[in-house]
Amino acid sequence: MANENVSQEEITTEAAPEEAELTGVSKSLMFPILKVNEAKQIVYGPVLVPDVIDLQKDLVPAVEVEKAAHTFMRKLVTKNAKIGVQHKTFPKGLEVVELWVTKAVEKYGKRTVPVGTWMMGVHVADTKVWKAVCSGEKKGFSIACKARDALADEKKETTDGK
């Protein structure tokens, strides 16, 4: 069942290019910033929400959201993942300071974040990006990834006689 509670509305997360080459379908999802700590210049919000229908009419189950968050964190630690703006520029002034997968429903004002959501806090030291966040020009987080269509894989195996 699709999750209607979090709307798709950009600070970006990117996996290393090698990972993207291993899979098939390009994905892009955007979710709004839910909290801003102006004193610390940290923005918080969902990166990937389970059971939200994407541009290809697919959805990601909670177990896959958790795998994606863990993979990103491992890659971030080894410098094989990065934080950027609009999936194009990657200024040095963006740093992940918190990352978690929700274990219970979380409320941010009138918005509800479901269990299994990948959440992130990003320190925005880059002056230009911070101004864009404060002005509302940058509205949320977006994940860029590649995904394999499991149903297409299964159909191919069937037609190949495997």
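Structure's up top.
Predicted, not measured: the structure shown is a model, and the values here were computed from it.

> Just checking my understanding: could you explain the pairing of strand β4 (residues 42–48) for this structure?
When a strand is regular, its side chains alternate between the sheet's two faces. Counting buried residues in β4 gives seven out of seven residues, a clear majority hidden from the surface. Summarising the sheet, strand β3 (residues 35–37) and β4 pair through three bridges and their orientation is antiparallel. The partner of Asn37 across the bridge, within β4, is Ile42. Between the antiparallel neighbours β3 and β4 lie four residues, among them Gln41 with a positive phi of about 55 degrees.

> How should I be thinking about the sheet that holds β3 in this particular structure?
Within a sheet, neighbouring strands are paired by backbone hydrogen bonds and run either parallel or antiparallel to one another. What the four strands build is an open sheet, ordered β3-β4-β9-β6; its pairing is antiparallel. Two strands in the sheet have a free side with no partner beyond their single neighbour: β3 and β6 (94–101). Across the sheet, the mean angle from the axis of one strand to that of its neighbour is 25 degrees, orientation sign disregarded. Alignment of β4 against strand β9 (residues 118–124), held across six bridges, turns out to be antiparallel. Paired with Gly45 across the bridge in β9 is Met120. Sitting on the sheet, helix α3 (residues 127–135) touches β3, β4, β6 and β9, and the angle it makes with β4 is about 75 degrees.

> Whenever I open this one, the pattern of salt bridges confuses me. Can you help?
If charged atoms from side chains of opposite charge come close, those side chains can pair. Here the structure, examined in full by the defined rule, presents three salt bridges. One salt bridge connects Lys67 with Glu64, and the closest N-O pair in it is separated by 3.2 Å. Of this pair, Lys67 and Glu64 are both found in helix α2 (residues 62–77), three residues apart, which corresponds to roughly one turn of the helix. Classification of Glu64 by relative accessible area gives partly exposed; the value is 35%.

> Got a minute to help me understand the nonpolar core in this structure?
One finds Val43, Phe72, Trp118, Met120, Val122, Val124 and Phe141 to be the most contacted residues of the largest nonpolar core, which totals 21 residues. Those elements that place two or more of their residues in this core are β4, α2, β6, β9, α3 and β10 (140–147).

> I keep staring at the packing of aromatic side chains and nothing clicks. Help me out?
Aromatic rings in a pair are described by how distant their centres are and how their planes are angled relative to each other. Applying the stated criterion across every chain, the model contains one aromatic pair. Seen in terms of ring centroids, Phe72 and Trp118 are 5.5 Å apart; in terms of plane orientation they differ by 50 degrees. Their pairing is tilted. Pair noted here: Phe72 is in helix α2 and Trp118 is in strand β9, with a separation of 46 residues, a long-range link. The same class applies to Phe72 and to Trp118, which are both buried. In this structure, Lys35 packs its charged tip against the face of Tyr44, placed 5.3 Å from the ring centre.

> Please explain the environment of Val122 as it appears in this structure.
Position of Val122 relative to the elements: it lies in strand β9. On the basis of relative accessible area, Val122 is assigned to the buried category, the value being 0%. As a C-alpha pair, Val122 and Gln41 span 81 residues in sequence and 8.3 Å in three-dimensional space.

> I keep staring at α3 and nothing clicks. Help me out?
One turn of an α-helix holds 3.6 residues; hence residues three or four places apart share an orientation. All of the buried residues in α3 are Val129, Trp130, Ala132 and Val133. For α3, the arc enclosing every buried residue in end-on projection is 160 degrees, short of the 170-degree limit, so these residues lie on one face. Residues of α3 that are exposed and angled more than 90 degrees away from the buried face: Thr127, Lys128, Lys131 and Ser135. The opening residue of α3, the one whose side-chain oxygen lies 3.2 Å from the backbone nitrogen of Lys128, is Asp126. Where α3 terminates, the next one or two residues include Gly136, which has phi positive at roughly 90 degrees.

The rules behind the values
Residues numbered from 1 in each chain as written. Predicted model: local features only at pLDDT ≥ 70, side-chain atom pairs only at ≥ 80, totals over all residues. Heavy atoms only, no water. Buried < 20%, exposed > 50% of the residue type's maximum accessible area, 1.4 Å probe, protein only. Helix = DSSP H or I, 4+ residues; strand = E, 2+ residues; numbered from the N terminus. Pairing = 2+ DSSP bridges. Axes fitted to C-alpha atoms, helices over the stretch in contact; angles between N-to-C directions. Contact = heavy atoms within 4.5 Å. Salt bridge = Lys/Arg side-chain N within 4 Å of Asp/Glu carboxyl O. Core = buried A, V, L, I, M, F, W, Y, C linked by side-chain atoms within 4.5 Å. Phe/Tyr/Trp six-rings, centres within 6.5 Å; stacked < 30°, edge-to-face > 60°. Lys NZ or Arg CZ within 6 Å of the ring centre and 35° of its normal. Arc of directions from axis to C-beta. Polar contact = N/O pair within 3.5 Å; in protein donor to acceptor, adjacent residues only side chain to side chain.

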